[in-house]
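# Results of the structural survey
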Amino acid sequence: MSVAAPQTVAHPLGLDPARVPRHVAIIMDGNGRWAEKRGLPRIWGHREGAVRVREVVERAGQLGVTHLTLYAFSSENWKRPQDEVSQLMLLCVAYLDGEAQRLAEEGIRLRVIGRRVGLPVEVRAAIEKVEAMTAHGTRAHLTLALNYGGRDEIVDACRALAAKAASGQILPEAIDEAMVSRHLYTADLPDPDLLIRTAGERRLSNYLLWQVSYAELFISEAAWPEFGADRFDEAVVDYAGRVRRFGKTDAQLGASGAH
Ligand code: FPP
């Protein structure tokens, strides 16, 4: 009688799964410039960007990235022309409505972080629907930052902690890093391992300020509408080759590579 050897599925990029980032956060920049360069209205860049969102979500799943957090609309983006803001909101509703069923079937839990107050009622309704439909997903986690600001998030956590301290639920001296993390919008998510920003910009733009403390950064010169699965692969391969020190020396890390 022969016993079959356990099946090991090769990684699509030939990577050691331990070196694949668990959580990738992305600042999707350059939609407007991509459109303007082609003589198109800016919203066309956002539309093409929404297509890349679908592709990158799919590729992340294939590569073993279990958490993806995308910056879709910042708390500062309200300053854009009214027409662009309205179109972006419509695009978000179309994305949420159009993807809900597929995400639910694929076990992908979608959550939205950011301040709900201030979002149009149709957007809030679409968020509530897709969050409920995908709530049981455990295979992967897709998080969209909408009306999100990193400082707002820290302020909201401070308010929640201060209220608990004032009512005697917690002692101020019991507040530590883990407790602060549990009061952020991302309470259930691991910190990002890799932060990608497209269109060559080198700023954090108020994104996940607390959570990216130890994230590796990958800047792509490509605008987001050009950032397809192949470019996502490049970022993951680059990350897999990095040594993460977390403040330690090379000698302390030894030969492990410290991933
Ligand atoms: C930055 O490009 C991008 C945004 C402000 C919006 C991102 C939105 C999408 C990718 C599409 C909708 C999202 C989902 C989840 C469906 P920019 O307009 O600032 O580009 P620019 O710097 O070239 O002007």
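The structure we're discussing is the one just above.
Report follows, based on the coordinates. (Residues numbered from 1 in each chain as written. Predicted model: local features only at pLDDT ≥ 70, side-chain atom pairs only at ≥ 80, totals over all residues. Heavy atoms only, no water.)

### Here's the deal with the sheet that holds strand β3 (residues 108–113)
In plain terms, the rule: At least two DSSP bridges between two strands are needed for those strands to be called paired. Per the convention used, a helix needs a DSSP run of H or I reaching at least four residues, while a strand needs a run of E reaching at least two, with both numbered from the N terminus. Comment: axis = line fitted to C-alpha atoms, over the contacting stretch for helices; angle = value between 0 and 180 degrees taken between N-to-C directions. By definition in these notes, contact holds between two residues if any of their heavy atoms fall within 4.5 Å.
Taken together, the six strands give an open sheet; going across it, the order is β3-β4-β2-β1-β5-β6, and neighbouring strands pair in parallel fashion. The open sheet has two free edges, formed respectively by β3 and β6 (216–219), since each of these has just one partner strand. For this sheet the average axis-to-axis angle between neighbouring strands, irrespective of direction, equals 20°. Relative to β6, strand β5 (residues 194–197) is paired through four bridges, and the arrangement is parallel. When the bridges of β6 are listed, Arg197 appears paired with Ile219. The strands that helix α4 (residues 121–133) touches are β3 and β4 (140–148); relative to β3, the one it contacts most, it runs at about 150°.

### Re α4
What sets the pattern is the α-helix's 3.6 residues per turn: residues three or four places apart point alike. Formally: Helix span is expected to be 1.5 Å times the residue number reduced by one. Only protein chains enter the area calculation, which uses a 1.4 Å probe; residues under 20% of their type maximum are buried, those over 50% are exposed, and those in between are partly exposed. Starting at the helix axis, one direction is taken to each C-beta atom, and the arc is that of these directions.
Over its 13 residues, α4 runs 18 Å from end to end, which matches the ideal 18 Å to within 8%, given 1.5 Å per residue. All of the buried residues in α4 are Val123, Ala126, Ile127, Val130 and Glu131. All buried residues of α4 lie within an arc of 125° about the axis, which places them on one face of the element. Opposite the buried face of α4, by more than 90 degrees, sit the exposed residues Val121, Glu128 and Ala132. In this structure, the buried residues of α4 make contact with α3 (82–105), β3 and β4.

### Section: the pattern of salt bridges
Keep this limit in mind: Salt bridges, as used here, are contacts in which a Lys or Arg side-chain nitrogen is within 4 Å of a carboxyl oxygen on Asp or Glu.
Taken as a whole and judged by the stated rule, the model has 22 salt bridges. Across the salt bridge formed by Arg159 and Asp156, the nearest N and O atoms sit 3.7 Å from each other. Note that Arg159 and Asp156 are positioned in helix α5 (residues 150–166) at a spacing of three residues, about one turn of the helix. Overall, the relative accessible area of 56% leaves Arg159 in the exposed class. Taken together, the salt bridges that share partners define one network made up of Asp29, Arg33, Arg197, Glu201 and Arg203.

### Things to note about the packing of aromatic side chains
Our working definition: To pair, rings of Phe, Tyr and Trp, with the six-membered ring standing in for Trp, must have centres within 6.5 Å; the planes then decide the type, stacked if under 30 degrees apart, edge-to-face if over 60, and tilted in the middle.
Under the criterion given, the structure shown has six aromatic pairs. The interplanar angle of 10° and the centroid separation of 4.1 Å between the aromatic rings of Tyr71 and Tyr207 together place this pair among those described as stacked. Taken together, the residues span a long stretch of sequence, with Tyr71 in strand β2 (residues 67–74) and Tyr207 in the loop between β5 and β6 at a distance of 136 residues. Clustering of aromatic rings is evident, with ring pairs tying together Tyr71, Tyr148, Tyr185 and Tyr207.

### Looking at the nonpolar core
Quick note on the threshold: In this description, a nonpolar core means a group of buried Ala, Val, Leu, Ile, Met, Phe, Trp, Tyr and Cys residues linked to one another through side-chain atoms lying within 4.5 Å.
Residues Ile26, Leu68, Leu110, Leu142, Ile196 and Phe232 are the most contacted members of the largest nonpolar core, which totals 45 residues. Top contributing element to this core by residue count: α3, with nine residues. Counting eleven residues, the second-largest nonpolar core is a separate cluster that includes Ile27, Tyr207, Leu208 and Ala215.

### Remarks on unusual backbone geometry
Of all residues except glycine, most have a negative phi; of all peptide bonds, most are trans. In the Ramachandran plot, Asn147 falls in the positive-phi region, its phi being about 55° despite a non-glycine side chain. With respect to the element layout, Asn147 can be found in strand β4. Residue classification places Asn147 among the buried positions, given a relative accessible area of 7%. Even without being glycine, Ala199 reaches a positive phi, approximately 65°. If you trace the backbone, Ala199 turns up in the loop between β5 and β6.

### A short note on the pairing of β2
Most of β2 is tucked away: seven of the eight residues are buried. Where strand β1 (residues 23–27) meets β2, five bridges bridge the pair, whose relative direction is parallel. Paired with Val24 across the bridge in β2 is Leu68.

### Thoughts on the side chain of His46
Following the sequence through the fold, His46 ends up in helix α2 (residues 42–63). In this structure His46 touches Asn31, Arg80, Glu84, Leu88 and Leu91, once residues within four positions along its chain are discounted.

### A few points about the layout of surface pockets
Rule in force here: Residues are called lining when one of their atoms sits within 4 Å of a cavity or pocket point, these points coming from a 1 Å grid over the protein atoms alone, where a cavity is a set in which a 1.4 Å probe fits but cannot get out and a pocket is an open set with protein on both sides within 12 Å along at least five of seven lines. Grid points are joined across faces, edges and corners, and a volume is the space filled by probe spheres set on the points. Lys, Arg, Asp and Glu make up the charged group, whereas Ala, Val, Leu, Ile, Met, Phe, Trp, Tyr, Cys and Pro make up the nonpolar group; the residues left over, Gly among them, are polar.
Of the voids in this model, the largest pocket is the one considered here, and its volume is about 620 Å³. In terms of lining, the largest pocket is formed by 29 residues, of which the most central are Met28, Asn31, His46, Tyr71 and Ala72. Going through the elements one at a time, α1 (31–37), α2, β2 and α3 are the ones with two or more residues in the lining of the largest pocket. Of the residues assigned to the lining of the largest pocket, the class counts are 15 nonpolar, eight polar and six charged.

### A few points about the side chain of Thr69
Here Thr69 shows up in strand β2. Those residues in contact with Thr69, other than ones at most four positions away along the chain, are His23, Val24, Ala25, Ile26, Ile113, Thr143, Leu189, Tyr207 and Leu208.

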